[in-house]
Every structure is written in C-alpha cells, then in structure tokens.
Amino acid sequence: MKLVLELHELRLVSCAESTQLLDAWTRLGTFSNEQRCAVDALFALCYDDMMRGLHDAADGPESRAVVRAELIRKLG
C-alpha cells in the first residue's frame, strides 16, 4: 500500500518517472505483472475511487491503516 501511494504522489509530479519506477519494481519482483496491471488500473481512477479500491484490496489491518492515514492526511 505504501509503495502504491508513493507512486501516486510521484505520478502527480511526473507520470514518466512514476511509470519508470513501477517498471523497475516489476522487473525486480516487488510487483508481479498482475499487481502491475492492478496499479495501472487504480491510477486510471479518480482519487476517491482509487482509495476505495486500495482499501478494498487491503489484506489486513495494517494495510487498511495505511490507506486511512493517507485519507486523513489528504483531508486534514
């Protein structure tokens, strides 16, 4: 979750750099090809829908806490 949120922040500044970093992380195995496709799909959504998608995909309380903290940071 943290990496996806970091990529999203970078995407707001430089879409090309965000794509290059996601490519590198996929080559290194940080993300599988399926996860890469999911991240690309999330980035195609508006922010609120992306955050709902991340929250729904969260695999435990720690991941959901990361998403909640990001929402609070953006709203605060």
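Keep in mind it's a predicted model, so treat the numbers as computed, not measured.

A. Expanded view of helix H4 (residues 47–57). Within H4, burial applies to Met50, Met51 and Leu54. In an axial view of H4, the angular spread of the buried residues amounts to 95 degrees, which keeps them on one side of the axis. Turning to H4, the residues buried within the fold contact helix H1 (2–13), helix H3 (33–43) and helix H5 (61–75).

B. View of the packing of aromatic side chains. Taken as a whole, this structure holds one aromatic pair when the rule is applied. An angle of 45 degrees between the planes, with centres 6.0 Å apart, marks the rings of tryptophan 25 and phenylalanine 31 as tilted. The same class applies to tryptophan 25 and to phenylalanine 31, which are both buried. Taking the ring centre of tyrosine 47 as reference, the NZ or CZ of lysine 74 above it sits at 5.6 Å.

C. Representation of the nonpolar core. Within the largest apolar cluster, 14 residues are counted, with the highest numbers of intra-cluster contacts made by Leu7, Phe31, Val39 and Leu54. When residues of this core are traced back to their parent elements, those giving at least two are H1, helix H2 (15–28), H3, H4 and H5. Setting aside residues no more than four positions away along its own chain, phenylalanine 31 makes contact with Leu3, Val4, Leu7, Leu22, Trp25, Thr26, Arg36 and Val39.

D. Seen up close, the side chain of serine 63. Here serine 63 is to be found in helix H5. Those residues in contact with serine 63 that lie beyond four places of it in its chain are Met1 and Ala58.

E. Examining the pattern of salt bridges more closely. Enumeration over the complete set of coordinates arrives at six salt bridges. A salt bridge links arginine 73 to glutamate 9; the shortest N-O distance between them is 2.9 Å. Note that arginine 73 is positioned in helix H5 and glutamate 9 in helix H1, a separation of 64 residues in sequence. Overall, arginine 73 belongs to the partly exposed group, its relative accessible area being 48%. The partner of arginine 52 in a salt bridge is aspartate 49, and the shortest N-O contact between them spans 2.9 Å. Of the two residues, arginine 52 and aspartate 49 both sit in helix H4, three residues apart, roughly one turn of that helix. Accessibility expressed as a relative area gives 35% for aspartate 49, which makes it partly exposed. Salt bridges sharing common partners tie together Glu9, Glu70, Arg73 and Lys74.

Definitions and limits used
Residues numbered from 1 in each chain as written. Predicted model: local features only at pLDDT ≥ 70, side-chain atom pairs only at ≥ 80, totals over all residues. Heavy atoms only, no water. Buried < 20%, exposed > 50% of the residue type's maximum accessible area, 1.4 Å probe, protein only. Helix = DSSP H or I, 4+ residues; strand = E, 2+ residues; numbered from the N terminus. Arc of directions from axis to C-beta. Contact = heavy atoms within 4.5 Å. Phe/Tyr/Trp six-rings, centres within 6.5 Å; stacked < 30°, edge-to-face > 60°. Lys NZ or Arg CZ within 6 Å of the ring centre and 35° of its normal. Core = buried A, V, L, I, M, F, W, Y, C linked by side-chain atoms within 4.5 Å. Salt bridge = Lys/Arg side-chain N within 4 Å of Asp/Glu carboxyl O.

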